[in-house]
Every structure is written in structure tokens, then in C-alpha cells.
Protein chains: 2
Amino acid sequence: MTVSLSDMQALDLWRRAVLAGVRREAPDLSARQMAVLLTVYLTSPPHTVRGLAATLNVSKPAITRALDRLGQFEMVRRKVDDADHRNVLVQRTIKGSVFLREWGSIVSEAATELAS
Amino acid sequence: MTVSLSDMQALDLWRRAVLAGVRREAPDLSARQMAVLLTVYLTSPPHTVRGLAATLNVSKPAITRALDRLGQFEMVRRKVDDADHRNVLVQRTIKGSVFLREWGSIVSEAATELAS
DNA sequence: TAAGAATGATTCGGTTGCGGAACGAATTGG
DNA sequence: CCAATTCGTTCCGCAACCGAATCATTCTTA
């Protein structure tokens, strides 16, 4: 089944979800941090700093900083690659899964609230 | 017609849209700023600082700052209320409309790309 | 094994955002 | 009139973030 959304519905969906996010007392992530987190959890590993930088079209320091922040929240973990010690592999954590699960449910609830 | 989205689909939708937003060369707004912008454009006027603060569950200075920023981008305009000169009415602009129209189309395209 | 390339972390100066307190302007009520 | 209230803004100290340049470590290759 394909999901079809008019531009207006899409905007309203976005509004409801962002509003829910702003209101709630949760770690407040920047768009970049959110993009990193979602990419790590929703696309197939391995994820390296360099790879994420390329995917997001952003500098490596930006990724490093985002990982620092996400690491503080224990939403991701860094692991040096055994095969190539220069690489840092970004791994998922329980807290990260929980956070995204909640976020997914917020967004999908916002979708059901949409007027047609 | 009701829009139904599984949590997983919702997350993936969010990922695609956030990714598109991070990649593109556009003013990058914080979640709060985006929430203000969307509220002003998608809910019925009038919009005051106090009202927005209440809606977003955020302090008034926070709204003032968001309006300053959105004003720099000319996505929103301030107008003192003729009836009560203490009030500031937040008004829409062409640039704001264009920006949100584009964003709506990004999100709705992300929705159509969703695997079922 | 020595030189060079690749990778991620760190530092630097500057910008932006935050919460909270205090403020000035406008309105209302006694 | 004048005090009290309402509304938005400004100020303050602080934390996070930015891009650019540089650094340390590790791998590759000649």
C-alpha cells in the first residue's frame, strides 16, 4: 500500500509532530543530530563518521559533534573498527531505540489526527 | 480519507524529510522556530506573542527570539495591533509561504517514496 | 620500512540560542 | 489622575553550535 499525502496534509502533519516535540520535556535535538540518529537506526550498518558526513552532505567535525551529543544522551555508541582502527563504527543503543520508537508513535499519531 | 501510518513508516518518512532538509541550502530553523512558523501559517489568526508562547508551552522571550530570526529571513512580519497597542500581531509573508510550500512538497514526496 | 594517504578528533574565534529577571510602553480600573 | 495590570522586549550569563584549520593515529604502498 502506498502512502499518499497532499502538500497541505504533509505540512499539517509536520506541524503537529514538531509541536508535540517542542512541548515535551525530551532531549532537544537539532535537525542534524536527528538526521544522524535516524540514519544510524534506519539504514543498514556499518556507519562511519566519513560515511555519515557524505550522506548528510556535511563536514566531518559536524558529525563528530553530533555523535558527541547523541553519545551524552546514550542514544548511540562509538566503537573502533577491529579491521581498520582508523574507522569509528556508530552503534545503536537501547535508549536510542526507545527514543525513536516514541518519536515514531508521535508522528504516526499526528498522521491519524489529520483532517482529510 | 484517513491517513494511516505505521510507526516505522512514520519514522522513515521523518528521516527522508529531515535528510532532505539538512542537505539543502536553505535557512535552517530550529524546532521552535519551525513550530512558530507552522503555527502562524496553518492555524487561524490573530497570532500574538503571548498566544504563541502558550501554544508552544514556551516563554515569551523565546517567542520574541524566534520571531526575530524568522523576521530576518522575511518569513514573518510584526504588526502592532491597532485596537490594543500592546499587542503584536504576527503576519504571514510571501517568502514564508514559498518556504512552507516547498517544505510541504518535500514531505509529501518523502511519503510517496515510502516502502510499504 | 619509509613516505604518503586516509580517518577521525581537537582547537580556535565567532555566532546563535537559552532561561530568567528586569524593563518600558500601553491599557484598565478605582 | 494614578496605581495596578498586561504585553512584548531587552539584558545578562551561559551553553551549544558553526566552519576552517590543524593534529595524532593508522593504514597503504612503493
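Here, every reference points to the structure presented above.
About the criteria used
Residues numbered from 1 in each chain as written. Chains lettered and ligands numbered in written order. Predicted model: local features only at pLDDT ≥ 70, side-chain atom pairs only at ≥ 80, totals over all residues. Heavy atoms only, no water. Near = heavy atom within 4 Å. Polar contact = N/O pair within 3.5 Å; in protein donor to acceptor, adjacent residues only side chain to side chain. Helix = DSSP H or I, 4+ residues; strand = E, 2+ residues; numbered from the N terminus.

Enquirer: How should the protein's contact with DNA strand C be read in this particular structure?
Expert: As a structural note, the neighbourhood of DNA strand C is formed by 19 residues, with Arg 50 and Lys 60 of chain A together with Arg 32, Gln 33 and Arg 69 of chain B the closest of them. Backbone atoms, meaning sugar and phosphate, make up 75% of the atoms of DNA strand C lying within 4 Å of the protein. Here Arg 78 of chain A contributes a side-chain N or O atom positioned 3.1 Å from a phosphate oxygen of DNA strand C. Take Arg 32 of chain B: an N or O atom from its side chain is 2.5 Å from a phosphate oxygen of DNA strand C. Taken together, the elements giving at least two residues each to the surface near DNA strand C come down to α3 (49–56) and α4 (60–72) of chain A together with α2 (31–42) and α4 (60–72) of chain B.

Enquirer: Just to check I follow, could you spell out the protein's contact with DNA strand D for this structure?
Expert: Around DNA strand D sit 19 residues, and of these Gln 33 and His 85 of chain A together with Arg 50, Lys 60 and Arg 78 of chain B come closest. Close to the protein, within 4 Å, the atoms of DNA strand D are drawn from sugar and phosphate at a rate of 72%. Lys 60 of chain B is positioned such that a nitrogen or oxygen atom in its side chain is 2.7 Å from a base nitrogen of DNA strand D. In this structure, Arg 78 of chain B approaches DNA strand D through a side-chain N or O atom, which is 2.7 Å from a phosphate oxygen. Breaking the surface near DNA strand D down by element, the ones donating at least two residues are α2 (31–42) and α4 of chain A together with α3 (49–56) and α4 of chain B.

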